[in-house]
Amino acid sequence: MEIQIILNYMIISRTPFRISFAGGGTDFREFYKEEGGAVLSTSIDKYVYLSMHPLFNDKGYHLKYFSNEICKNIEEIKHPIIKEVFKRYLISGVDFNSTTDVPSGTGLGSSSSFTVGLVTLCRSYVDTTVFKGYIAEDASKIEIDVLKSPIGKQDQYAATYGGLNFITFNPDETVDVCPIRLSKEKTKQLDSFLVLFYLGGSRSSNSVLAEQKNNILKNRVILKKMVKLTEDLADELNRDSLDNFGEILNAGWEYKKELSSNVSNGEIDYWYNEALRHGAKGGKLLGAGNGGFLLLYAPDGGVNMLRASLRLYELKFEFENTGTKIIYE
């Protein structure tokens, strides 16, 4: 049975994208159920905005995202995430819109940010309490258990909570989100040492992640090293200096390339090596691999040197701390 929403208002959610520094792959259930996983990531001030209000005739659905759907009933909806979230929260008779600051498929966790934002939107729309733990858990279950996406759980929690966090994935399926508190001076320093370059193109991460998921048993030793590396990076952020930050990122990138044959390619390797030659101390490709954004760490004026030398498109960003939220109701 569908519940008809008769409240005559507009509601808008805003959900951040994320940068993952270390630990990607250890958030797969096939690994953390046995070993426990850990990821260190931060949300950034690039967002997906979702809005919804009642349809004029209070029947069916009008959905506007990268496509345009007009549906009489929920079973006609083609977008799998919208369909499943609307089913979960008994949403009907709505006009739905989606806009983003950055295209999907570029390694910033956009798919999970969309799911998190939609759960946030729908929970508020039907007047359900919006606890962040519930939002992250719901988004994870919808993507992983219902839609069977070959992904882990890090992006849902990063987008939900926001901020710079050490996130632990426990064998009992619980997740601990531990904020890393930096001084304003150290936050400014870290922000000034990081740069994001777009290497062009967008891609579905499913094929790359499916290979990683299938290789969990073979990659178990590497993934355990990645958990340790994530812990080392958290320790580095808690020290007075960031002397080893770039080297840890570089080590993590080398581990990541061992997880799948599709993580890197000749073009990515070329630009990464050029960055190391022109001032970068380390970095990584964001997301599953094979395209998207290249994150680089270059202290002591190195960022300006990279800008001048590489001449790639730069996405300027700042850290953000709020996570998913309703910004208009």
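Residues numbered from 1 in each chain as written. Predicted model: local features only at pLDDT ≥ 70, side-chain atom pairs only at ≥ 80, totals over all residues. Heavy atoms only, no water.

K.L.:
Explain the layout of surface pockets to me, please; I cannot follow it from the model alone.
P.N.:
Put simply, the second largest pocket is a space of about 330 Å³. Lining the second largest pocket we find 17 residues, and of these Gly163, Leu164, Ile180, Arg181 and Asn321 sit closest to its centre. Those elements giving two or more residues to the lining of the second largest pocket turn out to be strand S6 (164-169), strand S7 (175-179) and helix H6 (184-193). Its residues assigned to classes, the lining of the second largest pocket shows seven nonpolar, seven polar and three charged. (1 Å grid on protein atoms, 1.4 Å probe; cavity = no way out; pocket = protein on both sides within 12 Å on 5 of 7 lines; lining within 4 Å. Points joined across faces, edges and corners; volume = space filled by probe spheres on them. Helix = DSSP H or I, 4+ residues; strand = E, 2+ residues; numbered from the N terminus. Nonpolar A, V, L, I, M, F, W, Y, C, P; charged D, E, K, R; others polar.)

K.L.:
What's the story with helix H5 (residues 154-161) in this structure? I'm lost.
P.N.:
The periodicity of an α-helix, 3.6 residues per turn, causes residues three or four positions apart to be oriented the same way. Within H5, seven of the eight residues are buried, leaving the element largely enclosed by the surrounding structure. Packed against the buried residues of H5 are strand S1 (11-22), strand S2 (37-54), helix H3 (110-125), helix H4 (132-146), S6 and S7. Positioned one or two residues after H5, Gly162 has a phi angle of 70°, which is positive. (Buried < 20%, exposed > 50% of the residue type's maximum accessible area, 1.4 Å probe, protein only. Contact = heavy atoms within 4.5 Å.)

K.L.:
Honestly, the pairing of S7 in this entry has me stumped. Any pointers?
P.N.:
It is a general feature of regular strands that their side chains alternate between the two faces of the sheet. Examined bridge by bridge, S6 and S7 share five bridges and lie antiparallel to one another. The partner of Phe166 across the bridge, within S7, is Cys178. Between S6 and S7, which pair antiparallel one after the other, the connecting turn spans five residues, and Glu173 there sits at a positive phi close to 80°. (Pairing = 2+ DSSP bridges.)

K.L.:
Is there a simple way to think about the packing of aromatic side chains in this case?
P.N.:
Pairs of aromatic rings are described using the distance from one ring centre to the other and the angle between the two planes. The full count for this structure, using the stated rule, is 16 aromatic pairs. Ring geometry for Phe86 versus Phe96: centroids 6.2 Å apart, planes at 90°, classification edge-to-face. Of this pair, Phe86 sits in helix H2 (residues 80-89) while Phe96 sits in strand S5 (residues 94-100); the two residues are 10 residues apart in sequence, bridging distant segments of the chain. Each of the two residues, Phe86 as well as Phe96, counts as buried. When the ring of Phe131 is compared with that of Tyr134, the centres are 5.5 Å apart and the planes differ by 75°; the resulting orientation is edge-to-face. Judged by its relative accessible area of 48%, Phe131 is partly exposed. Assessed through its relative accessible area of 45%, Tyr134 is described here as partly exposed. Clustering of aromatic rings is evident, with ring pairs tying together Phe21, Phe193, Phe245 and Tyr297. (Phe/Tyr/Trp six-rings, centres within 6.5 Å; stacked < 30°, edge-to-face > 60°.)

K.L.:
Would you mind going over helix H10 (residues 266-277) with me for this structure?
P.N.:
Counted at 1.5 Å a residue, the expected span for H10 with its 12 residues is 16 Å, and the 16 Å between its end C-alpha atoms agrees. Within H10, burial applies to Ile268, Trp271, Tyr272, Glu274 and Ala275. Projected down its long axis, H10 shows its buried positions confined to an angular sector of 160°, all on one face. Away from its buried face by more than 90 degrees, H10 exposes Gly266 and Arg277. Packed against the buried residues of H10 are helix H9 (245-257), strand S9 (282-285), strand S10 (293-297) and helix H11 (302-310). The backbone nitrogen of Glu267 lies 3.1 Å from a side-chain oxygen of the residue at the head of H10, namely Asn265. (Expected span 1.5 Å × (residues − 1). Arc of directions from axis to C-beta. Polar contact = N/O pair within 3.5 Å; in protein donor to acceptor, adjacent residues only side chain to side chain.)

K.L.:
Explain the side chain of Ser260 to me, please; I cannot follow it from the model alone.
P.N.:
Relative to the elements of secondary structure, Ser260 occurs in the loop between H9 and H10. Polar contacts involving the side chain of Ser260 include one to the main-chain amide nitrogen of Asn262, which spans 3.1 Å.

K.L.:
Teacher, can you tell me more about the environment of Thr15 here?
P.N.:
By the element assignment, Thr15 lies in strand S1. Separated by 105 residues in sequence, Thr15 and Thr120 have C-alpha atoms that sit 8.9 Å apart. Those residues in contact with Thr15 that lie beyond four places of it in its chain are Lys46, Tyr47, Val48, Ser113, Val116, Gly117, Ala159 and Thr324. A distance of 2.8 Å separates the side chain of Thr15 from the side chain of Thr324, its partner in a polar contact.

K.L.:
What should I look at first to understand the pattern of salt bridges in this one?
P.N.:
Side-chain pairs of opposite charge can arise whenever the charged atoms involved come near each other. Under the criterion given, the structure shown has 17 salt bridges. Between Arg239 and Glu236 there is a salt bridge, with its nearest N and O atoms 3.0 Å apart. When its relative accessible area of 2% is taken as the criterion, Glu236 is described as buried. (Salt bridge = Lys/Arg side-chain N within 4 Å of Asp/Glu carboxyl O.)

K.L.:
Is there a simple way to explain the environment of Lys281 in this structure?
P.N.:
In this structure, Lys281 sits in the loop between H10 and S9. On the basis of relative accessible area, Lys281 is assigned to the partly exposed category, the value being 46%. Along the primary structure Lys281 and Asn250 are separated by 31 residues, whereas in three dimensions their C-alpha atoms are 7.5 Å apart. Setting aside anything within four residues of it in sequence, one finds Lys281 in contact with Gly246, Glu247, Asn250, Leu276, Tyr297 and Pro299.

K.L.:
I tried to follow the sheet that holds strand S8 (residues 194-198) on my own but got confused; where do I start?
P.N.:
What holds strands together in a sheet is hydrogen bonding between their backbones, with the strands either parallel or antiparallel. On the basis of which strands lie adjacent, the open sheet formed by four strands has the order S9-S10-S8-S11 and antiparallel pairing. Taken across any chain shown, the strands that pair with only one partner, and hence form the sheet edges, are S9 and strand S11 (313-314). Note that S8 and S10 share five bridges and pair antiparallel. Looking across to S10, one finds that Phe197 is bridged to Leu294. Each of S8 and S10 is contacted by H6, which is oriented at about 30° to S8, the strand it contacts most. In the packing of H9 onto the sheet, contacts are made with S8, S9 and S10, and the angle to S9 comes to roughly 35°. (Axes fitted to C-alpha atoms, helices over the stretch in contact; angles between N-to-C directions.)

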